[in-house]
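The chain contents come next:
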Amino acid sequence: MATIAFIGLGNMGGPMTANLVKAGHKVTAFDLVEASRNQAKSDGAAIAESSAAAVKGADIVITMLPAGKHVLSVWNEVLPAMTKGALIIDSSTIDVESAREAHALAAKHGVLSVDAPVSGGTGGAKAATLTFMCGGEDKAFAAAKPVLESMGKKIVHCGGAGAGQAAKICNNMILGISMIGVGEAFVLAEKLGLSHQALFDVASTSSGQCWAITSYCPVPGPVPASPANNGYKPGFAANLMVKDLTLAQDAANTAGAVTPLGKHAQEIYQAFDAAGNGGVDFSGIIQHVRALAGK
Ligand code: NAD
């Protein structure tokens, strides 16, 4: 079992820390927020007074923070205090450039590094069923895999530094675009007098089939577990979709890719968020699409 430091005990990091403790690892944790530290303590982690104090003597350090600037700031603080040859993993969703900068910083301090963003949301974090998309050298990935398995069920090595973040934003760009497309199709069906169930029965087994229909259908009824049956309670909140689509656009601009549908999806979700729906599940975008017809 490993000696692990976990920094960032929010909606995702809190339950991930609890699962590491459950799996038998020795975990020392830190967050700026006292309530999150107290929760981690009651889940069985030791609490440190700072990020730098938490990483002393750790084999593995994991960060789960809001954005690239937080990750770079925490990695700058902890890397000098880490043991040479130890491993640092960032599971936050951040921009590819910051992820690559973080890898370079770790290399400078003789520390192995992996970017390992997740999909699966808070439900997956609690149930230890997250998917980890990993970027980094083979040796770093091999060291990270067993500990990631305590928090997830699918661990994919996507390539070198930043490849995990690249996979995450490409996947979520597909998801953002496809959820709007599915919403448009259900709204058109309503106008044509076609029932939700009839469209679902056809599209879920025809060429329109996709995850946004079969697992997360944005109208109540056909998929009982989807947020549409629960007042669009997240799930995955629309403001997080805005974050990921913005990261995808930033990456496209930097890399010279042209992604017109990704850009339009970002604008549509930004309008939904600006209208006060940031905390609504992202599949609630169908309500925005439906409202357009009334304008
Ligand atoms: P959150 O805001 O609940 O948690 C972030 C935590 O980081 C907070 O507790 C905050 O106090 C702490 N923090 C910030 N700066 C710090 C510092 N300098 N030192 C120590 N702690 C610090 O966010 P979350 O929902 O847990 O998400 C974390 C990351 O995971 C984000 O990058 C998010 O995009 C990504 N993500 C979230 C979900 C989701 O469904 N919530 C799903 C997939 C990926």
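Owing to the predicted nature of the structure, the values given are computational and were not obtained by experimental measurement.

Draft legend 1. Representation of the overall build of the chain in the model. The helix and strand tally for the chain stands at 13 helices and 9 strands. For 295 residues, the compact-globule formula gives about 19 Å, and the C-alpha radius of gyration of the chain, at 20 Å, lands near that figure. Sorting the 295 residues of the chain into buried and exposed places 51% on the buried side. In the chain, 63% of the contacts between residues at least 6 apart in sequence involve partners at least 24 apart. Surface summary for the chain: the accessible area is close to 13200 Å², and the carbon and sulfur share equals 57%. Here the chain contributes 21 positively and 22 negatively charged side chains, and the mean placements of these two sets differ by 3 Å.

Draft legend 2. The arrangement of the nonpolar core in detail. With 38 residues, the main nonpolar core has Met 179, Phe 186, Met 241, Tyr 269, Phe 282 and Ile 285 as its most contacted residues. Among the elements of the structure, helix H8 (163–191), helix H9 (196–203), helix H10 (211–214), helix H11 (238–255), helix H12 (260–277) and helix H13 (285–292) are those that each provide at least two residues to this core. Among the nonpolar cores identified, the runner-up in size contains 31 residues, and Met 16, Ala 40, Ala 45 and Ile 60 belong to it.

Draft legend 3. Highlighting the packing of aromatic side chains. Following the criterion strictly, the structure yields 3 aromatic pairs and no others. Taken together, a centroid distance of 4.9 Å and an interplanar angle of 20 degrees make the contact between Trp 211 and Tyr 216 stacked. One aromatic cluster is present, built from ring pairs that chain together Trp 211, Tyr 216, Phe 236 and Phe 282.

Draft legend 4. Looking closely at the environment of Pro 218. With respect to the helices and strands, the residue Pro 218 is situated in the loop between H10 and H11. Considered as a pair, Pro 218 and Thr 122 are 96 residues apart in the sequence and their alpha carbons are 19 Å apart. Apart from residues no more than four positions distant in its own chain, Pro 218 is found in contact with Met 179, Val 182, Ala 212, Ala 228, Tyr 232, Ser 283 and Ile 286.

Draft legend 5. Region of interest: the packing of helix H4 (residues 68–78) against helix H5 (residues 96–108). Close contact between H4 and H5 brings their axes to 10 Å; oriented N to C, the two are set at 5 degrees. As the angle between them shows, H4 and H5 are arranged roughly parallel. Of H5, the residues touching H4 (which contributes Gly 68, Leu 72, Trp 75 and Asn 76) are Ser 98, Glu 101, Ala 102, His 103, Leu 105 and Ala 106. Grouping the constituent residues of the contact of H4 with H5 by class yields 5 nonpolar, 4 polar and 1 charged.

Draft legend 6. Spatial organisation of the pairing of strand E5 (residues 87–90). Burial of the side chains of E5 extends over both faces: Leu 87 and Ile 89 are buried on one face and Ile 88 and Asp 90 on the other. Relative to E5, strand E4 (residues 60–63) runs parallel, the two being bridged by 4 bridges. Looking at the pairing, Ile 62 lines up with Ile 89 of E5. Read from E4 through H4 to E5, the crossover connection turns out right-handed. Note that E5 and strand E6 (residues 112–115) share 4 bridges and pair parallel. By the bridge assignment, Ile 89 is partnered in E6 with Val 114. A crossover links E5 with its parallel partner E6, the connecting element being H5, and its sense is right-handed.

Draft legend 7. Just the pattern of salt bridges, in detail. The full count for this structure, using the stated rule, is 3 salt bridges. A salt bridge links Glu 190 to Arg 290; its shortest N-O distance comes to 2.8 Å. Here Glu 190, found in helix H8, pairs with Arg 290, found in helix H13; they are 100 residues apart in sequence, far enough to count as distant. Of the residues examined, Glu 190 reaches a relative accessible area of 29% and is grouped as partly exposed. Take Arg 290: its relative accessible area is 33%, and that puts it in the partly exposed class.

Draft legend 8. Local environment of the site of the ligand. In the vicinity of the ligand there are 22 residues, among which Asn 11, Met 12, Asp 31, Leu 65 and Lys 243 approach most closely. In the model, an oxygen atom of the ligand is placed 2.8 Å from a nitrogen or oxygen of the Lys 243 side chain. When the ligand sits alone it has 830 Å² of accessible area, and the protein chains cover 84% of it. For the shell around the ligand, the elements supplying multiple residues, two or more each, are helix H6 (121–127) and H11. Classifying every residue of the shell around the ligand by side-chain character gives 12 nonpolar, 7 polar and 3 charged. In terms of domain composition, the shell around the ligand takes at least three residues from each of domain 1 (3–160) and domain 2 (166–292).

Definitions and cut-offs
- Residues numbered from 1 in each chain as written.
- Predicted model: local features only at pLDDT ≥ 70, side-chain atom pairs only at ≥ 80, totals over all residues.
- Heavy atoms only, no water.
- Helix = DSSP H or I, 4+ residues; strand = E, 2+ residues; numbered from the N terminus.
- Rg over C-alpha atoms; globule rule 2.2 N^0.38 Å.
- Buried < 20%, exposed > 50% of the residue type's maximum accessible area, 1.4 Å probe, protein only.
- Contact = heavy atoms within 4.5 Å.
- Areas by Shrake-Rupley, 256 points an atom, 1.4 Å probe, with all protein chains shown as cover.
- Lys, Arg positive; Asp, Glu negative; His and termini not counted.
- Charge placed at Lys NZ, Arg CZ, Asp CG, Glu CD.
- Core = buried A, V, L, I, M, F, W, Y, C linked by side-chain atoms within 4.5 Å.
- Phe/Tyr/Trp six-rings, centres within 6.5 Å; stacked < 30°, edge-to-face > 60°.
- Axes fitted to C-alpha atoms, helices over the stretch in contact; angles between N-to-C directions.
- Parallel < 35°, antiparallel > 145°, perpendicular 65-115°, else oblique.
- Nonpolar A, V, L, I, M, F, W, Y, C, P; charged D, E, K, R; others polar.
- Pairing = 2+ DSSP bridges.
- Right-handed = clockwise from strand over helix to strand, strands pointing away.
- Salt bridge = Lys/Arg side-chain N within 4 Å of Asp/Glu carboxyl O.
- Near = heavy atom within 4 Å.
- Polar contact = N/O pair within 3.5 Å; in protein donor to acceptor, adjacent residues only side chain to side chain.
- Domains from an automatic or database assignment.

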